[in-house]
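One-letter residues, chain by chain:
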Amino acid sequence: MRSVLGLYLGHQLHLLGTNEKPFVYGNFIASMDGRVALGRDEADSYIPEAMGSAEDIYLLQELEAQSDCIIVHGAYLRALAAGRLGNILKVGIDPDTRHLLDWRVHRGLKEQPDIVIVSSSLDFPTPQKSETSDQRVIVATGKRANSDRVKSLRSQGFDVWAEDEGRWVDGAPLVKRLGSAGYRSIYLLAGPRVLASMVYSDVLSRLYLTASHCLLGGSEFHTMFRGPTLPGLRRFRLESLFYQLPTEVAPGQFFTCFSREHLAANRKPN
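Residues numbered from 1 in each chain as written. Predicted model: local features only at pLDDT ≥ 70, side-chain atom pairs only at ≥ 80, totals over all residues. Heavy atoms only, no water.

With that settled, the discussion passes to the overall build of the protein chain. When helices and strands are counted, the protein chain shows six helices and eleven strands. For 270 residues, the compact-globule estimate of 2.2 N^0.38 gives 18 Å, and the protein chain sits close to it at 18 Å. Here the protein chain, with 270 residues, has 49% of them falling under the buried criterion. For the protein chain, the share of sequence-separated contacts (at least 6 apart) that also reach a separation of at least 24 residues comes to 71%. When the 31 basic and 30 acidic side-chain charges of the protein chain are each reduced to a single mean position, those positions are 8 Å apart. (Helix = DSSP H or I, 4+ residues; strand = E, 2+ residues; numbered from the N terminus. Rg over C-alpha atoms; globule rule 2.2 N^0.38 Å. Buried < 20%, exposed > 50% of the residue type's maximum accessible area, 1.4 Å probe, protein only. Contact = heavy atoms within 4.5 Å. Lys, Arg positive; Asp, Glu negative; His and termini not counted. Charge placed at Lys NZ, Arg CZ, Asp CG, Glu CD.)

Dropping the structure here:
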């Protein structure tokens, strides 16, 4: 039986993007009935502990280890402060994952990826400077964001990008500016709304999906994608699939990897 150690590191994601076209990839875990989290809204959403596994959490960090920057959202920072979610702002902070820091450094990456916080309300607890001293923190928002909050964040030393005309951040302009700032591999660790923005803009290159072999049910839940129907079909090609057997405490899981597939204009689907 193969260990998950190195399962995603071999994908060499840090080499797949350029400044002109950054490589954007995301990661989700979902139950068989499509739940990625339970709860009425993002403020109180949570991932049931029984749905995940130590292997899934470890693979999340293998993906993070290959990024120039990670994208999170304000709801995550609020959940982190409330103790509902673990800290994913740094990679390799535990003894079992310390080797990922060496992996990054040996491949010319800085020790920690930078952090991009996407938020329309700017209502989130800011990361402590002492905890992110080796990481650049960028806050991406819209031009209609609260001006006092923008000034406050800038006075604390955070870079605030407020370019989009509304309050929300569109995926394509953000990715373009990140590429111009030198980021070639961008790891999406935000929620369904941010994923939808990337998909609508068609800048998502790859999606990693852990399919947990369980049913959650419930009437208050979140799915991987939020928003209106897409204007056209978004096709993805299965790149890899790894089956993890169930244990007494965790269900079986599929670790899957899908790449965006663009059909040629003169090619018809089978």
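Moving on to helix H6 (residues 192-200). Within H6, seven of the nine residues are buried, which leaves it mostly tucked inside the rest of the structure. Turning to H6, its buried residues number three or more, namely Pro-192, Val-194, Leu-195, Ala-196, Ser-197, Met-198 and Val-199. Elements in contact with the buried residues of H6: strand E1 (23-30), strand E3 (69-73), strand E4 (114-118), helix H5 (171-180) and strand E7 (185-188). After H6 finishes, the residue Asp-202 shows a positive phi value of roughly 60 degrees.

Along strand E8 (residues 206-212), six of the seven residues are buried, which leaves the element largely enclosed by surrounding structure. Strand direction decides the pairing type here: E1 and E8, joined by six bridges, are parallel. Pairing of Ala-30 across the sheet is with Ala-211, part of E8. By the bridge criterion, seven bridges tie E8 to strand E11 (residues 253-261) in an arrangement that is antiparallel. Counted as the bridge partner of Ala-211 is Phe-254 from E11. (Pairing = 2+ DSSP bridges.)

Scanning all chains against the criterion turns up three cavities of 30 Å³ or more. Considering only enclosed or pocket space, the largest cavity measures out at about 80 Å³ in volume. Secondary structure elements with two or more residues in the lining of the largest cavity: strand E5 (137-142), strand E6 (159-164) and H5. Partitioned by chemical class, the residues of the lining of the largest cavity number five nonpolar, one polar and three charged. Of all the elements, H6 adds the most residues to the lining of the second largest cavity, at three residues. Looking at the lining of the second largest cavity residue by residue, the class counts come to six nonpolar, two polar and one charged. (1 Å grid on protein atoms, 1.4 Å probe; cavity = no way out; pocket = protein on both sides within 12 Å on 5 of 7 lines; lining within 4 Å. Points joined across faces, edges and corners; volume = space filled by probe spheres on them. Nonpolar A, V, L, I, M, F, W, Y, C, P; charged D, E, K, R; others polar.)

The next subject is the environment of Thr-97. For Thr-97, the location among the structural elements is in the loop between helix H2 (74-82) and helix H3 (99-106). Distance from Thr-97 to Tyr-58, taken between C-alpha atoms, is 7.7 Å for residues 39 residues apart in sequence.

As enumerated under the stated definition, the model contains eight salt bridges in all. Two residues, Lys-90 and Asp-134, come together in a salt bridge whose shortest N-O distance is 2.7 Å. Of the two residues, Lys-90 sits in the loop between H2 and H3 while Asp-134 sits in the loop between E4 and E5, which places them 44 residues apart along the sequence. Between Glu-261 and Arg-235 there is a salt bridge, with the nearest N and O atoms lying 3.2 Å from each other. Remark: Arg-235 occurs in strand E10 (residues 235-244) and Glu-261 occurs in strand E11; sequence separation between them is 26 residues. Through salt bridges that share partners, Asp-202, Arg-234 and Arg-260 make up one connected network. (Salt bridge = Lys/Arg side-chain N within 4 Å of Asp/Glu carboxyl O.)

As a further point, take the nonpolar core. Judged by nonpolar contacts, the single largest core of 40 residues is most densely connected at Val-72, Ile-117 and Val-139. Of all the elements, helix H1 (residues 54-65) adds the most residues to this core, at five residues. Not counting residues up to four positions away in its chain, the partners in contact with Val-139 are Ile-117, Leu-122, Phe-124, Leu-153, Phe-158, Asp-159, Val-160 and Trp-161. Residues Ala-30, Val-36, Ile-186 and Leu-195 belong to the second largest nonpolar core, which totals 28 residues. (Core = buried A, V, L, I, M, F, W, Y, C linked by side-chain atoms within 4.5 Å.)

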